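# An overview of the molecular structure
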Amino acid sequence: WDTHLKEIYPIDHQGMFAMFTKGNVAYIQENHHYEATATPTTSGQDVDARTRGRIESLAKLLHQPKEQVFRVLPCVGWKYLPRQSSIAFVFEVQPRPIGAPVSLQRLLFNADPRPELGDKFRLALGLSKCIAQMHMVQWVCLC
């Protein structure tokens, strides 16, 4: 992944996403900020063992086959990017999308032209089904 992962700079209302292609397959890179703490064995250039275990468990969970209603992309890997102080998760996208990923907030409020009301209702229904499925299998809970 080293040659494909990019430095991503946050865009207002967008998040930390980038898209790339490797071997004719489309991928989305999602970065999450992580400040590595220096220890005698890592020098701040690596992820500590506890965090590494949690990240690997999350990546494995996100990689598992899921029903279509979940709308969760399969995670194919992750990498710590020390220069950007972030962890990059890589998701495979099939079929290949047209254009770059955008956040829901940007789509609904900044898109030109803005989605029609019927499109917003269909999107809300799809999101609510996805969240309901995640609650049903206890992926998320309201605390």
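What you see as residue numbers is a count from 1 along each chain, following the sequence as written. Selection of residues for local features in this predicted model requires a pLDDT of at least 70, selection of side-chain atom pairs for listing and counting requires 80 or more, and totals for whole chains, interfaces and linings are taken over all residues. Side-chain numbers here rest on the full set of heavy atoms in the structure, without hydrogens or water.

### Re the side chain of Ser86
For the purposes of this entry, the term helix denotes a DSSP run of H or I that reaches at least four residues, the term strand denotes a run of E that reaches at least two, and both are numbered from the N terminus. Position of Ser86 among the secondary structure elements: in strand β4 (residues 86-93). Whenever two N or O atoms come within 3.5 Å, that pair is a polar contact, provided that in protein one can donate a hydrogen and the other can accept it, and provided that, for residues adjacent in sequence, both atoms are side-chain atoms. For Ser86, the side chain forms a polar contact with the side chain of Asn31, separated by 3.3 Å. Aside from chain neighbours lying at most four places away, what touches Ser86 is Asn31, His32, His33, Tyr34, Lys79, Tyr80 and Leu81. Note on definitions: a residue-residue contact is assigned when non-hydrogen atoms from the two residues lie within 4.5 Å.

### Structural notes on a nonpolar patch on the surface
On the surface, a nonpolar cluster with roughly 460 Å² of combined accessible area is contributed by Val102, Leu104, Leu107, Leu123, Leu127 and Ile131. Those elements that place two or more of their residues in the nonpolar patch are α2 (104-110) and α3 (117-136). Among the elements that take part in the nonpolar patch, α3 stands out by supplying three residues, more than any other. Here's how the labels work: a residue is buried when its accessible area is under 20% of the maximum for its type, exposed when over 50%, partly exposed in between, all with a 1.4 Å probe on protein chains only. Here Leu127 falls in the partly exposed class, since its relative accessible area comes to 37%. Only residues whose relative accessible area exceeds 30% and that form no salt bridge are eligible for patches; like-charged ones are grouped when within 9 Å, while nonpolar side chains (Val, Leu, Ile, Met, Phe, Trp, Tyr) are grouped when within 5 Å. All accessibility values rest on the Shrake-Rupley procedure with a 1.4 Å probe; residue burial counts only the protein chains present in the view. Here, a salt bridge means any Lys or Arg side-chain nitrogen found within 4 Å of an Asp or Glu carboxyl oxygen.

### As for α3
To estimate how far a helix should extend, the number of its residues minus one is multiplied by 1.5 Å. Between its first and last C-alpha atoms α3 spans 28 Å; for 20 residues at 1.5 Å apiece the expected length is 28 Å, and the two agree. Looking at α3, one finds that the buried residues are Cys130, Gln133 and Met134. Across the axial projection of α3, the buried residues extend over an arc of 105°, all falling on one side. Turned more than 90 degrees away from the buried face of α3, the exposed residues are Leu117, Phe121 and Met136. As used here, the arc belongs to the directions running from the helix axis to the C-beta atoms.

### Quick word on helix α1 (residues 49-63)
Here α1 is 15 residues long and its end C-alpha atoms lie 21 Å apart, about the 21 Å a rise of 1.5 Å per residue gives. Every buried residue belonging to α1 is among Thr51, Ile55, Ala59 and Leu62, and all of these are buried. Projected down its long axis, α1 carries its buried residues within an arc of 70°, all on one side. Those residues of α1 that are exposed and aimed more than 90 degrees away from the buried face are Ala49, Arg50, Arg54 and Lys60. Where α1 begins, one side-chain oxygen reaches toward the backbone nitrogen of Arg50, 3.2 Å away; that side chain belongs to Asp48.

### Observations regarding the packing of aromatic side chains
Note on aromatic pairs: the rings of Phe, Tyr and Trp (six-membered ring only in Trp) are paired at centre separations within 6.5 Å, and the planes decide the class, stacked below 30 degrees, edge-to-face beyond 60, tilted for the rest. Applying the stated criterion across every chain, the model contains two aromatic pairs. A centroid spacing of 5.5 Å and a plane angle of 25° characterise the contact between Phe20 and Tyr27, whose relative ring orientation is stacked. In this structure Phe20 comes out as buried when scored by relative accessible area, which is 6%. With a centroid separation of 5.7 Å and an interplanar angle of 85°, the aromatic rings of Tyr34 and Tyr80 are classed as edge-to-face. Placement of Tyr34 in the loop between β2 (25-33) and α1 and of Tyr80 in strand β3 (residues 75-81) is noted, with a sequence separation of 46 residues between them. According to the relative accessible area criterion, Tyr80 is buried, its value standing at 9%.

### What about the pattern of salt bridges?
A complete count under the given rule lists two salt bridges for this structure. Between Asp119 and Arg122 there is a salt bridge, with the nearest N and O atoms lying 2.6 Å from each other. Here the residue Asp119 and the residue Arg122 both occupy positions in helix α3, the gap between them amounting to three residues, near one helical turn. Judged by relative accessible area, Asp119 falls into the partly exposed class, the value being 34%.

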